[in-house]
Amino acid sequence: MADEPVDVIMPVLREMRGEMREMRGDIRDQLAEVRQRLDKLDSGQKTIRQALRADTMMSRLVTGEFEERIFELKRKVEALSKDK
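The present account deals with the structure reproduced in this document. Bear in mind the structure is a predicted one, so any value in this text is a computation, not a measurement.

1. With respect to a positive patch on the surface
Stage number 1. Taken together, the side chains of Arg14, Arg17, Arg21, Arg24 and Arg28 present a region of like positive charge at the surface.
Stage number 2. Tracing the backbone through its elements, the reader meets Arg28 in helix α1 (residues 5–83).

2. Some points on the environment of Gln50
Stage number 1. With respect to the helices and strands, the residue Gln50 is situated in helix α1.
Stage number 2. Along the chain, Gln50 and Glu4 lie 46 residues apart, while their C-alpha atoms are 69 Å from each other.

3. Remarks on a nonpolar patch on the surface
Stage number 1. Together, Val8, Ile9, Met10, Val12, Leu13 and Met16 give the surface a local cluster of nonpolar side chains, amounting to about 490 Å² of exposed area.
Stage number 2. Relative to the helices and strands, Val8 resides in helix α1.

Each value, and the rule that gives it
Residues numbered from 1 in each chain as written. Predicted model: local features only at pLDDT ≥ 70, side-chain atom pairs only at ≥ 80, totals over all residues. Heavy atoms only, no water. Patch = residues over 30% accessible without salt bridge, like charges linked within 9 Å, V, L, I, M, F, W, Y side chains within 5 Å. Areas by Shrake-Rupley, 256 points an atom, 1.4 Å probe, with all protein chains shown as cover. Salt bridge = Lys/Arg side-chain N within 4 Å of Asp/Glu carboxyl O. Lys, Arg positive; Asp, Glu negative; His and termini not counted. Charge placed at Lys NZ, Arg CZ, Asp CG, Glu CD. Helix = DSSP H or I, 4+ residues; strand = E, 2+ residues; numbered from the N terminus.

Next up, the structure:
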């Protein structure tokens, strides 16, 4: 007599369960890799933001120094103009 359906079902279910476990493991590995890549991207973005902040601060500092120098020059020119 051929294999009874009941005799075939259990081995097939066990095989499916094993395949599902493998798939879960693969998915976990892929998710871990994606998380690592996202962490690297976040770190890179933080570095870029910090560099932009530093550049902005330096620009403001340089601009402020030029403004102070210009103000001082204007004051000196005004003082010289009044003396004449």
